[in-house]
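So the chains spell out like this:
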Amino acid sequence: MKFQSFFMLFLSAAIAASTTLGTDSSNLVSSSAWKCLAGLGRTYAILRGYQSSGLLDPNAIQNIKNAISGGQKQVDVVLYPCFPCGNAQGQATVLVDSLRGQKYANIWIAVQGSQWSSTVGNNQLFFEDMADAILTLGKKFGIYTSANDWGNIMGDYSYYSGSPLWYYHYNNVQSFSDFQPFSGWTAPTLKQYNASSTLCGTNVGLDWS
Ligand SMILES: *[C@@H]1O[C@H](CO)[C@@H](O)[C@H](O)[C@H]1NC(C)=O
């Protein structure tokens, strides 16, 4: 436990030492737009991989290719789960299998939206199935949520607080100073500070770490 907190401190110090600017999108972004974003210092692309309707994002593969050819240094994908569809493991498997061979790093599981169960225990079990499946398939995951949404959907559930947290707070400020610890997370990894901005002719979310 002591070692772990030391390691977390070390990690957050390492993260704080250099700034990363990210751009997220659920749309198809052209290679030239990614290049333009890279020219603005935004070299971390976060793309929708799986839709909350329960389908792979039809643009996911082309979007990853465009981001890479547009000079993005890291590409991650977001999995928006479909709780009512059931089969969390199957959803994770479709995403990972469909993107096999594509140059993306991590999967962010989104815990937000209104389609979850009103029973937090059901949501926790669904999440565990999804997270386990991703790890078994050899990928790493983080969690995209806010204190409010996590509390409403998962309750005060800290089992995954060792996983990277990407939180949203749309105050347009590139800083973690607004972050309040919740459900075991004492520090975030990434912040989405603007949900809807227009850069390089495309509608994007803005991220910072
Ligand atoms: C997000 O960025 C856009 C400009 O790109 C700005 O107009 C908008 O006010 C920002 N949103 C917030 C919440 O500050």
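Predicted, not measured: the structure shown is a model, and the values here were computed from it.

A.B. asks: What is the right way to read the pairing of strand β8 (residues 190-199) from this model?
C.D. replies: Remember that side chains alternate between the two faces of the sheet whenever the strand is regular. Pairing geometry for strand β7 (residues 165-168) and β8, over three bridges, is parallel. What sits directly across from Y168, in β8, is Q192. Linking β8 to strand β9 (residues 202-208), which pair antiparallel, is a turn of two residues; within it C200 sits at a positive phi near 55 degrees.

A.B. asks: Can you walk me through the pairing of strand β1 (residues 21-25) in this structure?
C.D. replies: β1 sits mainly inside the fold: five of its five residues count as buried. With burial as the criterion, each face of β1 is covered, one bearing L21, T23 and S25 and the other bearing G22 and D24. Sheet topology places β1 next to strand β2 (residues 42-51); five bridges connect them, and they run parallel. Looking across to β2, one finds that G22 is bridged to Y44. Taken together, β1, helix α2 (residues 31-39) and β2 form a β-α-β motif whose crossover is right-handed.

A.B. asks: It is not clear to me how the site of the ligand should be interpreted in this structure. Could you clarify?
C.D. replies: As a matter of local geometry, the ligand sits amid Y170, N172, N194, S196, S197 and T198. In this structure, S197 approaches the ligand through a side-chain N or O atom, which is 2.4 Å from an oxygen atom. Protein contact buries 44% of the 360 Å² of open area that the ligand shows by itself. Taken together, the residues of the shell around the ligand break down into one nonpolar, five polar and no charged.

The rules behind each value
Residues numbered from 1 in each chain as written. Predicted model: local features only at pLDDT ≥ 70, side-chain atom pairs only at ≥ 80, totals over all residues. Heavy atoms only, no water. Pairing = 2+ DSSP bridges. Helix = DSSP H or I, 4+ residues; strand = E, 2+ residues; numbered from the N terminus. Buried < 20%, exposed > 50% of the residue type's maximum accessible area, 1.4 Å probe, protein only. Right-handed = clockwise from strand over helix to strand, strands pointing away. Near = heavy atom within 4 Å. Polar contact = N/O pair within 3.5 Å; in protein donor to acceptor, adjacent residues only side chain to side chain. Areas by Shrake-Rupley, 256 points an atom, 1.4 Å probe, with all protein chains shown as cover. Nonpolar A, V, L, I, M, F, W, Y, C, P; charged D, E, K, R; others polar.

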